Amino acid sequence: MKLESGNFLITHADNTATPVTLRKDGLVIGRLPSCDIFLNHLVVSRIHAGINRVGADYFLINLSLKNTLTLNGRLLAPEEVDALADGDVIQIGPFALVISRQSETLLLFVTHQFTGDVTASTSRRLPALGDLVPQPPTAEVTDVLKVFWEKRTRDKEDWGTALRPVGKPMPGKAQINWRPTNDLRGAWRGGLFAWTLLIIGVLSVAAFYLRPQIFAPAELSNPHTRASLNNMEAGFIAARPNANSCTTCHTWSGKLEDACIKCHQASAFHATNTIAHEQAGVSCTSCHSEHQGQNFEPRVAAINSCAKCHNNNNHQLYNGKSVSTPHRGGEGYPAEIGEWRWEGLKPETAAMTLDVTKFRDPADTEQMRRSKEFHALHLYRVAPAPGMKTDAAGAMSCSSCHTSFAPLDRETPRQTCAKCHSGYTDSRTGRALIAEKEANCVSCHVQHYYDRNRWNEYLTASTESQRAAAIAAQIKQLNGGTTNQQ
């Protein structure tokens, strides 16, 4: 059966509310404030009655199990349905609802605590006593109650929220299915939330200042926990000690990398990043990741991270770019089939090697420029490794790598590369940072341009002094004309 929308006009005799016009499937009468006709009295049930339209007629439904409802003086049993006509009077406790019909609209005139015969002003004759014998309802009228309960079930299908879980209501019209109104619910006290947040905040701040390590996944390394720089570090790589302070690196504003650069501005070092790494999104913490224990060494971890990142098994993308094993797994000889594959010195590196760039000639072709730079880097700046041929003065010469020149021997240099470009021993501490037979990536690929402590095992004394002066000049310029000293 189809339940049609009805037109309702509700007015009150005591002018407590303005007339209301409603167009909806059904009208609900009761003590709940959400009812369409709100009757505030103890003898009125929360959902006392309903009015639905079926076809051209309106039907009254008694929904109260405890309180009474009469239509023209006749008592309607619970869940009983009766049709409404012009002039009918509905009695609910001390309230009377006088019914009028105007075309498709049902008018309800609500009066309170009336006395006397309210039907005197109506045009419909009240039925005689013999007429009050209930007639068997038609199938259409019987279905009104069924449709009403189906609609109420849909309206109640609110299973609550995560903060107020409510179980799915049981079938039927049991009182447990009716949720209490807001005036019957116990509200959460706002002070409970406020005091909880305040206590947690105070404890968190106190813990941060008294023992900040509890917020860290692991302890800092020894270089970052000392309260002062030792003689080897003072003014060399850091401008000031970290002293195990969280806020030195983790500030309220700014990136972590900005704090790294701000601290590592010393007389012999300035934090820099290669253009390739910057474009790939590789930052300080990508190589020097902290909070891995006191014995962790960020510098050693960075050196070892080269081969861990640059290999064919790393399928991670860096700003959309992939990486692979460099030099096809070989030593990286810069020439192939007589052509220089090496691109030459980067502008940043060239500024630190002025003794090499002085051999440049504007008339040189690209291949000639690369050849000059490569040979100048080795012949005039590097001391020979043990076992290599030298000239009469004990310096490197062309014969140190090539055994013949007509034709030019290009095979022997491939074998001599590993003699110098393997292993890495720290000149300050004497500690081997890279095993003797492992490739030394940082011997060719410069990450921090302005670092005097970069691999210099085979540099001659004059070359190292010249490079140190060039680095100091560049650092002074980067620091705004001043050199940070500790």
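This section reports on the structure supplied with the text. (Residues numbered from 1 in each chain as written. Predicted model: local features only at pLDDT ≥ 70, side-chain atom pairs only at ≥ 80, totals over all residues. Heavy atoms only, no water.)

### As for the pairing of strand 17 (residues 422-425)
- Pairing geometry for strand 17 and strand 18 (residues 432-439), over three bridges, is antiparallel. Bridge pairing links Tyr424 to Ile434 in strand 18. (Pairing = 2+ DSSP bridges. Helix = DSSP H or I, 4+ residues; strand = E, 2+ residues; numbered from the N terminus.)

### So, the nonpolar core
- Residues Ile37, Leu39, Ile51, Leu60, Ile90, Leu97 and Leu108 are the most contacted members of the largest nonpolar core, which totals 23 residues.
- When residues of this core are traced back to their parent elements, those giving at least two are strand 1 (6-12), strand 3 (26-30), strand 5 (49-54), strand 6 (57-62), strand 10 (89-92), strand 11 (95-102) and strand 12 (105-112).
- Formed by 14 residues, the second largest nonpolar core is a distinct cluster that contains Ile303, Met396, Tyr424 and Tyr458. (Core = buried A, V, L, I, M, F, W, Y, C linked by side-chain atoms within 4.5 Å. Buried < 20%, exposed > 50% of the residue type's maximum accessible area, 1.4 Å probe, protein only.)

### What to know about helix 5 (residues 256-263)
- Listed in full, the buried residues belonging to helix 5 are Glu257, Ala259 and Cys263. Angular distribution of buried residues about the axis of helix 5 spans 155 degrees; they occupy a single face of the element.
- Packing partners of the buried residues in helix 5 comprise helix 4 (246-249), strand 13 (265-266) and helix 7 (284-287). (Arc of directions from axis to C-beta. Contact = heavy atoms within 4.5 Å.)

### A word on the sheet that holds strand 10
- If you trace the seven strands from one edge of the open sheet to the other, you get 2-1-12-11-10-7-8, paired in mixed fashion. With one partner strand each, in any of the chains shown, strand 2 (20-24) and strand 8 (74-75) form the two edges of the open sheet.
- Examined bridge by bridge, strand 7 (residues 70-71) and strand 10 share two bridges and lie antiparallel to one another. Counted as the bridge partner of Leu71 is Ile90 from strand 10.

### What about the side chain of Arg53?
- Among the structural elements, Arg53 can be located in strand 5.
- On the accessibility criterion, Arg53 (9% relative accessible area) is buried.
- Here Ser5 takes part through its backbone oxygen, which lies 3.4 Å from a polar atom of the side chain of Arg53.
- Within the structure, the side chain of Arg53 is placed 3.0 Å from the backbone oxygen of Gly55, a separation counted as a polar contact. (Polar contact = N/O pair within 3.5 Å; in protein donor to acceptor, adjacent residues only side chain to side chain.)

### Some words on the pairing of strand 6
- Counting buried positions along strand 6 gives five out of six residues, so the element sits mostly inside the fold.
- With six bridges joining them, strand 5 and strand 6 adopt antiparallel strand pairing. Looking across to strand 6, one finds that Ile51 is bridged to Leu60.
- Hairpin connection between strand 5 and strand 6: a loop of two residues separates the two successive antiparallel strands, and Gly55 in this loop has a positive phi of roughly 70 degrees.
- Pairing of strand 6 with strand 9 (residues 81-84) involves four bridges; the strand directions are antiparallel. Bridge assignment links Tyr58 to a residue of strand 9, and that residue is Leu84.

### Digging into the packing of aromatic side chains
- Evaluation of the coordinates by the stated rule reveals four aromatic pairs.
- For the ring pair Trp342 and Phe374, a centre distance of 5.9 Å and an interplane angle of 65 degrees mean the geometry is edge-to-face. Of this pair, Trp342 sits in the loop between strand 16 (339-340) and helix 9 (347-350) while Phe374 is found in helix 11 (residues 366-379), placing the two residues 32 residues apart along the sequence.
- Here Trp342 falls in the partly exposed class, since its relative accessible area comes to 22%.
- Their ring planes at 70 degrees and their centres at 6.1 Å tell us that Tyr449 and Tyr450 sit as a pair that is edge-to-face. Across this residue pair, the class does not change: Tyr449 and Tyr450 are buried.
- In this structure an aromatic cluster arises from ring pairing among Trp340, Trp342 and Phe374. (Phe/Tyr/Trp six-rings, centres within 6.5 Å; stacked < 30°, edge-to-face > 60°.)

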